[in-house]
Amino acid sequence: MMRRREFITLLGGAAVSWPLAARAQQTAMPVIGFLNSASPDAYAPMVGAFRQGLKETGYIEGQNVAIEYRWAGGQYDRVPALAAELVRRQVAVIVANSPGVQAVKAAITTIPIVFTTASDPVQLGLVTSLNRPGGNVTGVTQLYVEVMPKRLELAHELVPTATIIAALVNPTNPNTETILRDLQAAARILGVQLHVLHASTERDLDTVFAALAQLRTGALVIGPDAIFNGWAEQLAALTVHHAVPAIFERRAFAAAGGLMSYGGNTEESYRQAGVYTGRILKGEKPDDLPVHQSTKVELIINLKTAKAFGITVPLPLLGRADEVIE
């Protein structure tokens, strides 16, 4: 993490001049800074959902609000510099996933910030509490990191003969340590051996799937990560090609042929972030907007893929599925 003094130096003094700039901008079209650690192609559905949330509060991009986008393309070390660009741009609100918020929050206390995160925002230090966030930050949480052990349990339930299960994580993701700690604990309870595989670029995927064949893993659990979200269809195609029973967080994975998905609705989280952003532009304070918790989790099973893999899905598991793709 970048220290406060280093970040302020990177801003070039923009933090000090913000209040004056904000007053000057009141009569102009407001500018939203949208910062994400993934890539724009991967997050097109989420950006669309964010714009929908803005529209629900009366804001339409290009008409009465402008959006400055900054994408790190999966390179987490680029996030602080991109965040600094948005602060120098003197945006009215910054919208970011957790790496971006963590980069900005330590130094900026005046610009409203709306986050989307798969982690506990209190534990990350983003807010004081969920009901009263405190300061200039609020946002939306998604149940992705917390349900990782459940994904492992579902994979084992679907392939009960699997004694070795692999976990794919991005080693540069700040949540990875927590994810692996929880997965290892769940693996011990289930009595399975957990092999951890790493990927932070697309080039790593060939190595990952070659390792899966060598390890003779019975199933693969894919961890939550912004760049993995963008690879949902690619990951699905690779798991089908290599006949690897796998579970991921996004429905797009199962819809593209992956065996199973279990997680929240990312698009809905970004829509809610758009709503909060619009309300802040209208004058509400982040501290008055409780952190919105997306608690709904969906289980999607691709029965066609299960049959192709020779897997018989247990009836109790089918009965719990929110959607079965045939």
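Before reading further, recall that the structure is shown in the block above.
Residues numbered from 1 in each chain as written. Predicted model: local features only at pLDDT ≥ 70, side-chain atom pairs only at ≥ 80, totals over all residues. Heavy atoms only, no water.

A.B. asks: What should I look at first to understand the environment of E153 in this one?
C.D. replies: Note on placement: E153 falls in helix α6 (residues 148-158). Each C-alpha atom of the pair E153 and L190 lies 7.5 Å from the other, and the pair is 37 residues apart in sequence. (Helix = DSSP H or I, 4+ residues; strand = E, 2+ residues; numbered from the N terminus.)

A.B. asks: Looking at this structure, I do not really get the nonpolar core. What am I missing?
C.D. replies: Soluble, globular proteins show a tendency: their nonpolar side chains are buried together. Counting residues in each nonpolar core, the largest one holds 32 residues, and the members touching the most others are L152, L158, M260 and L299. Elements represented by at least two residues in this core include exactly α6, β6 (164-169), α7 (176-190), β8 (219-222), β10 (260-263), β12 (298-302) and α13 (303-308). Residues contacting L158, with those up to four places away along its chain left out, are L259, M260, I311, V313, P314 and L317. (Core = buried A, V, L, I, M, F, W, Y, C linked by side-chain atoms within 4.5 Å. Buried < 20%, exposed > 50% of the residue type's maximum accessible area, 1.4 Å probe, protein only. Contact = heavy atoms within 4.5 Å.)

A.B. asks: Looking at this structure, how should I read the packing of aromatic side chains?
C.D. replies: The relation between two aromatic rings is expressed through the spacing of the ring centres and the mutual angle of the planes. Tallied over the full model, the rule gives nine aromatic pairs. A ring pair is formed by F228 and W231, whose centres lie 5.6 Å apart and whose planes are at 35°; its orientation type is tilted. (Phe/Tyr/Trp six-rings, centres within 6.5 Å; stacked < 30°, edge-to-face > 60°.)

A.B. asks: Is there a simple way to think about the pairing of strand β3 (residues 93-97) in this case?
C.D. replies: Within a regular beta strand, the side chains point alternately toward one face of the sheet and then the other, so they alternate between its two faces. Across the five residues that make up β3, a large majority, five, are buried. Here β3 shows two buried faces, one formed by V93, V95 and N97 and the other by I94 and A96. Inspection of the sheet shows strand β1 (residues 31-36) paired to β3 by four bridges, in the parallel sense. Looking at β3, one finds that F34 is bridged to V95. With four bridges connecting them, β3 and strand β4 (residues 113-117) associate as parallel partners. Bridge pairing links N97 to T116 in β4. (Pairing = 2+ DSSP bridges.)

A.B. asks: Is there a simple way to think about the sheet that holds strand β13 (residues 323-325) in this case?
C.D. replies: Within a sheet, neighbouring strands are paired by backbone hydrogen bonds and run either parallel or antiparallel to one another. Strand order in the open sheet formed by seven strands is β7-β6-β8-β9-β10-β12-β13, and the pairing between neighbours is mixed. In the strand order of this sheet, the two ends are held by β7 (193-198) and β13, each with one partner. Sheet twist, expressed as the mean angle between neighbouring strand axes with direction ignored, is 20°. Relative to β12, β10 runs antiparallel, the two sharing four bridges. Residue pairing across strands places S261 opposite I300, the latter belonging to β12. With respect to the sheet, helix α8 (residues 204-215) is in contact with β6, β7 and β8, its orientation differing from that of β7 by roughly 160°. (Axes fitted to C-alpha atoms, helices over the stretch in contact; angles between N-to-C directions.)

A.B. asks: What am I meant to see in the layout of surface pockets here?
C.D. replies: Any empty space left between atoms is shown by rolling a water-sized probe over those atoms. Approximately 250 Å³ is the volume attributed to the second largest pocket. Broken down by class, the residue content of the lining of the second largest pocket amounts to five nonpolar, eight polar and one charged. (1 Å grid on protein atoms, 1.4 Å probe; cavity = no way out; pocket = protein on both sides within 12 Å on 5 of 7 lines; lining within 4 Å. Points joined across faces, edges and corners; volume = space filled by probe spheres on them. Nonpolar A, V, L, I, M, F, W, Y, C, P; charged D, E, K, R; others polar.)

A.B. asks: Any chance you could explain the pattern of salt bridges here in plain terms?
C.D. replies: Oppositely charged side chains can pair when the atoms bearing their charge come close. For the structure on display, the rule yields 14 salt bridges. With its nearest N and O atoms 3.1 Å apart, the salt bridge here joins D287 to R132. Pair noted here: D287 is in the loop between α12 (266-281) and β11 (292-294) and R132 is in the loop between β4 and β5 (137-142), with a separation of 155 residues, a long-range link. Overall, the relative accessible area of 47% leaves R132 in the partly exposed class. (Salt bridge = Lys/Arg side-chain N within 4 Å of Asp/Glu carboxyl O.)

A.B. asks: Is there a simple way to explain the sheet that holds strand β2 (residues 66-71) in this structure?
C.D. replies: Spatially, six strands are ordered β2-β1-β3-β4-β5-β11 in an open sheet, and the strand pairing comes out parallel. The open sheet has two free edges, formed respectively by β2 and β11, since each of these has just one partner strand. Here the strands of the sheet are splayed against their neighbours by 15° on average, with no regard to which way each runs. Where β1 lies against β2, six bridges are found, and the strand directions are parallel. Paired with L35 across the strands is R70, a residue of β2. Packed on one face of the sheet, helix α4 (residues 79-88) meets β1, β2 and β3 and runs near 180° to β1. Here helix α5 (residues 98-105) sits on the sheet in contact with β1, β3, β4 and β5, set at roughly 130° to β3.

A.B. asks: How do you make sense of unusual backbone geometry when you look at a structure like this?
C.D. replies: Of all residues except glycine, most have a negative phi; of all peptide bonds, most are trans. Positive phi is not limited to glycine here, since R216 has a value of about 55°. Residue placement: R216 occurs in the loop between α8 and β8. Positive phi outside glycine occurs at A243, with the angle close to 55°. By secondary structure assignment, the location of A243 is in the loop between α10 (232-241) and β9 (246-248).

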